[in-house]
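# Working through the structure, step by step
This is what each chain is made of:
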Amino acid sequence: MKKTLHYECSECGYQSAGYLGKCPSCGMWGTIDEKVITSKSSSKKRKGKEGVLLNKIKNRKETRIQTQIDEFNRVMGGGIVPDSVSILTAKPGAGKSTLLLQVANDFSVQGKKVLYLSGEESESQIQNRAQRILPEINDKLWVFSGNSMDDGIDVVLSIDPDIIILDSIQTFTLEEFSSRAGSPTQVMECAQKLVELAKGQRPRVVFIVGQMTKADELAGVRALEHLVDTVLVIEGDSSEELRTLYSTKNRYGSTGEMGFFKMTEKGMESINNPSEYFMTKRNPGEEVPGSALTVLREGTRPILVEIEALVSKSFMPYPTRIGECLKREHLQTLLSILEERGQRKLYDKNVVVKTTGNIPLRETAGNLALIMAVVSSLDHRAIPGDAMFIADVGLTGELKKVPNMGMRISEGIRMGYEKIFVPIHTNSPYKDKLIPCRTLGEVINKGFS
């Protein structure tokens, strides 16, 4: 074997014989990393693996590993595949290490051997956190603290765990590469070693913690996301208890599923009934202006969401339009429809819109509820507590149907709502609970009675 050394830019792939601080090709600083190329002698004829017919391959049915964390199972696609590699990223303090420590303990309770590799915390720090959030520390949960990937691999081969958790990939290094921890070379090579451990003759589950950049993206080269099977993201402000978990890539399930958690002193707790969590609980007769309800679809699950609006007098030439849960252009469009088709003037009014829990309004199913919340605040009239709105609103002011109407209506009925405003000709077995309307003006006339 012959080893050669050259330097390559992680951004554009430019190669040079020596180290450069700035890449001459793309102009980026600090992106030149060394590469070791091992070439084999070509004198011997190599016999590689032969191809096989796709329809002759024996189908191997995978038995997914279930945890006791329902929301985690949902996002993973119903469980964890035994030889899968997943990476979890989030902002500092969002709960990455906490969630994976809970997952690790859950696996150990099931009798599986778990190894937690940490490059950021000492063994005592991990133990203190485990004693705080776990009911009991199982004797099948192993911990290793260090920054050497070589030592970590030795520990894996010694303990032979079923589950490997590495926290975080940006803190580990391999001795054969002289670049610093967190460099593209070290991150990719360490990740490749973990993939080999997961998908070898001894299948293992691997979870990797990845740091997040200021742009709310996974730190490192994009190739890291292509290497793993699942990319998980936790969103949530460290000052609030709500956390959302979703996947941007999942080879074994849907990327549309979303899991909801509460961050408590005992760790991350699943919110198994999001519809109840995202509603403001009020007693009968305590309705307030500026609030309307709708049903959004997160993955395969319908969720009842409360939309709040505040309309106030503007003393500036250009009124303020703030939508914390939707794009500004989307909000402007809906307010224009309300002005022209709903006969409500907003040229001198500030409008602020948000959802309980800051659930994003990615669907058009919440458009009618948003407009009605604005009307309620503008007119200082409360919408009845047993009413909700499921429809899109066209530029003509006509109500439009949205996908999965039956599922949304059923969720509203399950939560006890008696008046559901929907577009005309909506088919449902709960016709006595529906109020079909053709236009926005008709909804405004009936919505407050």
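The following paragraphs examine the structure supplied in this document.

Reading guide: rules and limits
Residues numbered from 1 in each chain as written. Predicted model: local features only at pLDDT ≥ 70, side-chain atom pairs only at ≥ 80, totals over all residues. Heavy atoms only, no water. Phe/Tyr/Trp six-rings, centres within 6.5 Å; stacked < 30°, edge-to-face > 60°. Buried < 20%, exposed > 50% of the residue type's maximum accessible area, 1.4 Å probe, protein only. Helix = DSSP H or I, 4+ residues; strand = E, 2+ residues; numbered from the N terminus. Arc of directions from axis to C-beta. Core = buried A, V, L, I, M, F, W, Y, C linked by side-chain atoms within 4.5 Å. Contact = heavy atoms within 4.5 Å. Pairing = 2+ DSSP bridges. Axes fitted to C-alpha atoms, helices over the stretch in contact; angles between N-to-C directions. Patch = residues over 30% accessible without salt bridge, like charges linked within 9 Å, V, L, I, M, F, W, Y side chains within 5 Å. Areas by Shrake-Rupley, 256 points an atom, 1.4 Å probe, with all protein chains shown as cover. Salt bridge = Lys/Arg side-chain N within 4 Å of Asp/Glu carboxyl O. Lys, Arg positive; Asp, Glu negative; His and termini not counted. Charge placed at Lys NZ, Arg CZ, Asp CG, Glu CD.

Throughout the structure, instances matching the rule amount to five aromatic pairs. Ring geometry for Y277 against F278: centres 5.2 Å apart, planes inclined by 85 degrees, an arrangement best described as edge-to-face. Since its relative accessible area comes to 26%, Y277 is described here as partly exposed. Note on F389 and F421: the rings are 5.0 Å apart at their centroids and 20 degrees apart in plane angle, and the pair reads as stacked. One end of the pair, F389, is in strand 17 (residues 387-389); the other, F421, is in strand 20 (residues 419-423), with 32 residues separating them in the sequence. A relative accessible area of 0% places F389 in the buried class. An aromatic cluster of at least three residues, connected via ring pairs, comprises F260, Y277 and F278.

With that settled, the discussion passes to helix 11 (residues 440-447). Along helix 11, the residues that are buried comprise L440, V443, I444 and G447. Taken around the axis of helix 11, the buried residues stretch over an arc of 100 degrees, which confines them to a single face.

Residues V353, L368, L370, M372, V374 and F389 are the most contacted members of the largest nonpolar core, which totals 48 residues. When residues of this core are assigned to their parent elements, the largest contribution, nine residues, is made by helix 9 (residues 367-379). Once residues lying within four places of it in the same chain are set aside, the contact partners of L368 are F389, A391, V393, L399, F421, L440 and V443.

A separate point is the sheet that holds strand 21 (residues 434-437). Reading across from one edge, 17-20-21 is the order of the three strands in this open sheet, with parallel pairing throughout. In the strand order of this sheet, the two ends are held by strand 17 and strand 21, each with one partner. Direction aside, the axes of adjacent strands within the sheet are offset by 25 degrees on average. Relative to strand 20, strand 17 runs parallel, the two sharing three bridges. Directly across from M388, in strand 20, lies its bridge partner I420. Those strands touched by helix 11 are strand 17, strand 20 and strand 21, and its axis lies near 140 degrees from that of strand 21.

Now for the sheet that holds strand 16 (residues 349-355). Taken in spatial order, the four strands line up as 13-14-16-15 in an open sheet, and their pairing is mixed. The outermost strands of the open sheet, each flanked by one partner alone, are strand 13 (291-298) and strand 15 (321-323). Direction aside, neighbouring strands of the sheet carry axes that sit 20 degrees apart on average. Along the sheet, helix 8 (residues 328-341) makes contact with strand 15 and strand 16, crossing strand 15 at roughly 120 degrees. Sitting on the sheet, helix 10 (residues 405-414) touches strand 13 and strand 14 (301-313), and the angle it makes with strand 13 is about 130 degrees.

Here the focus is a negative patch on the surface. A cluster of like negative charges, contributed by D237, E240, E241 and E269, occupies part of the molecular surface. Tracing the backbone shows E269 in strand 12 (residues 267-270). A residue is classified by how much of its surface remains accessible, and E269, at 35% relative accessible area, is partly exposed.

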